[in-house]
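# Summary of structural features
What follows is each chain in one-letter form.
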Amino acid sequence: MFFSIIIPLYNRPQEIQELLTTLTKQTYTAFEVLIIEDGSTLDAKEIVNSFKADLDIHYYFKPNEGQGFARNYGFEKAKGDYFIIFDSDCLIPSDYLENVKNYLYENPLDAFGGPDDAHPTFTPIQKAISYAMTSVFTTGGIRGKSKNAAGQFHPRSFNMGLSRKVWEKVGGFLITRLGEDIEYSNRIHEAGFKIGLIPTAKVYHKRRTSFVQFWKQLHFFGRARINISTFFPKTLKAVHFFPAAFTLFILFTILCNLFFSTLAFICNFLLVLYFLLIFFDAWSTNKSVKVAFLSIFASFIQLTAYGLGFMQDYWKKMILKK
C-alpha cells in the first residue's frame, strides 16, 4: 500500500520543517510527500529540498487559488493508492502510517479521517484551543467521532485520506475554502463510497497561536457551515445552532444584568456552572491549572465566534437569499 501525502502551503515556511521532520520518523516508509506551494511570497523551497535525502519528496509552485485547489493539484501529481491530506500546522506521530495501513487492511475504507490532539510541546494557549476544539462540552466535541450529533462522519482536511478510485470517480474539491472539506466528503458519501474514522490515525494539530487568530478562524468556520448548507441543506443539524444559541444567551444575560436582576441570577449561575465544568474537565485532561483557566476563554471564543459567523451568513444567505 503506497501513500501520497499532500500538503498545501501558503506563506508558512516556519511550519513545514517541523511537519516534515515528523514524517522522516514514520515506521512505515512506503510513501511520497508532495508540497504544493500555493502562490506564496514566502516560499519553503529550500526547506523542502533539505529533506530530499530523507524523504521521497516533491515540491510544486502554482498560482494562488486557495487550499482546496492546491490539494487538487497534488491529486493530479500523486502516485499513491491512497492520498493523505495534512495541514502544514500538524505534527504526525511516528506510527501514523503504520496504523492507517493496518486498519485499512482489516477494515477497508474508501476515505477516512482521524482525530486531533495537543502535543506536549504546545504552548498553554495552543493546548487550550485544542481542548475547545475537541471537548465534549463544546461543539468541537462532535468532531472525531464515527457517529455524532451532526450525523455522518466527515473527515476534516487537516487529517483526511481518500483512495485513488474516489478521486477518479468523484474528482477533487469544487470549492477552495469555506467548508470545502465537508462539501467534498458529502459528495464522496453520495457517490456510495465508504467513509470512516480511524481512531489511531491521530495528528497533533497546532491550530492558532493566539486567541485573536483563533477568533478569526472560528468566525470563518461559522460562516463555512452555512456555505455548506447551500450545497447540502440536510447537513445542517440542530447541534450546529448551539454556538448561535449560546451567543444569544450571553447577550440575554448581559441585558438581564442591566435590567432584570432576578433573571440575571439564574443566567449567571448557569454560565458559572458551565464554565466550571469546562475548567475541571480541561484540568483533568491537561493536568494544568493554567491550561484549564485558558480553556474557559478558548471555549467562550470557540462558541461565540462560530455563533456570530453562523448567524451572519444565516441571515445573509438563508433569510435575505443573497
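Scroll up to find the structure.
First, a word on scope: everything that follows refers to the structure included in this document. Small disclaimer: the values here were computed from a predicted structure and weren't measured.

This part covers the overall build of the protein chain. Assigned secondary structure in the protein chain consists of eleven helices and ten strands. A compact globule built from 322 residues would reach a C-alpha radius of gyration of about 20 Å, and the protein chain, at 20 Å, matches this within 12%. Its C-alpha atoms put the protein chain at 65 × 45 × 45 Å along the principal axes. Relative to its 322 residues, the protein chain shows a buried fraction of 54%. Put simply, of all contacts in the protein chain between residues at least 6 apart along the chain, 79% involve residues at least 24 apart. Accessible surface computed for the protein chain: about 14900 Å², of which carbon and sulfur atoms make up 61%.

This part takes up helix H11 (residues 289-319). Taking 1.5 Å of rise per residue, 31 residues should cover 45 Å, and H11 covers 43 Å from first to last C-alpha, within 8% of that figure. By the N-cap criterion, in which a side-chain oxygen at the helix start approaches the backbone nitrogen of a residue two or three places on, H11 is capped by Ser-288, the distance to Lys-290 being 3.4 Å. In the stretch just after H11, Lys-321 is the one whose phi turns positive, near 60°.

The backbone of Asn-11 shows a phi angle near 55°, a positive value even though the residue is not glycine. When you line up the elements, Asn-11 lands in the loop between strand S1 (3-9) and helix H1 (13-23).

A separate point is the packing of aromatic side chains. One pass over the full model with this rule turns up 23 aromatic pairs. With a centroid separation of 6.1 Å and 25° between ring planes, the pair formed by Phe-280 and Trp-283 is classed as stacked. Of this pair, Phe-280 and Trp-283 both sit in helix H10 (residues 261-286), three residues apart, roughly one helical turn. The class for Trp-283 is partly exposed, based on a relative accessible area of 36%. Ring-pair connections join several aromatic residues into one group, and the members of that group are Phe-75, Phe-83, Trp-167, Phe-173 and Tyr-184. Cation over ring: Arg-71 sits above Phe-173, and NZ or CZ is 5.3 Å from the ring centre.

On to the sheet that holds strand S3 (residues 57-62), then. Here seven strands make up an open sheet; going across it, the order is S3-S2-S1-S4-S8-S6-S9 and the pairing mixed. Here the strands that pair on one side only, and so sit at the sheet edges, are S3 and strand S9 (195-197). Adjacent strand axes in the sheet meet at a mean angle of 20°, parallel and antiparallel pairs treated alike. Where S1 lies against strand S4 (residues 82-86), four bridges are found, and the strand directions are parallel. Note on S4: the bridge partner recorded for Ile-5 is Ile-84. Along the sheet, helix H4 (residues 96-106) makes contact with S1, strand S2 (31-38), S4, strand S6 (111-113), strand S8 (159-163) and S9, crossing S1 at roughly 130°.

Glancing now at the pattern of salt bridges. In this structure the tally under the stated criterion is twelve salt bridges. Linked by salt bridges that have partners in common, Arg-12, Glu-15 and Asp-89 make up one network.

We now examine the pairing of S4. With five of five residues buried, S4 is to be regarded as a mostly interior element. Here S4 shows no split at all, with Tyr-82, Ile-84 and Phe-86 on one side and Phe-83 and Ile-85 on the other all buried. When S4 meets S8, the two strands line up antiparallel, connected through five bridges. When the sheet's bridge partners are listed, Ile-85 is paired in S8 with Met-160.

Parameters at a glance
Residues numbered from 1 in each chain as written. Predicted model: local features only at pLDDT ≥ 70, side-chain atom pairs only at ≥ 80, totals over all residues. Heavy atoms only, no water. Helix = DSSP H or I, 4+ residues; strand = E, 2+ residues; numbered from the N terminus. Rg over C-alpha atoms; globule rule 2.2 N^0.38 Å. Buried < 20%, exposed > 50% of the residue type's maximum accessible area, 1.4 Å probe, protein only. Contact = heavy atoms within 4.5 Å. Areas by Shrake-Rupley, 256 points an atom, 1.4 Å probe, with all protein chains shown as cover. Expected span 1.5 Å × (residues − 1). Polar contact = N/O pair within 3.5 Å; in protein donor to acceptor, adjacent residues only side chain to side chain. Phe/Tyr/Trp six-rings, centres within 6.5 Å; stacked < 30°, edge-to-face > 60°. Lys NZ or Arg CZ within 6 Å of the ring centre and 35° of its normal. Pairing = 2+ DSSP bridges. Axes fitted to C-alpha atoms, helices over the stretch in contact; angles between N-to-C directions. Salt bridge = Lys/Arg side-chain N within 4 Å of Asp/Glu carboxyl O.

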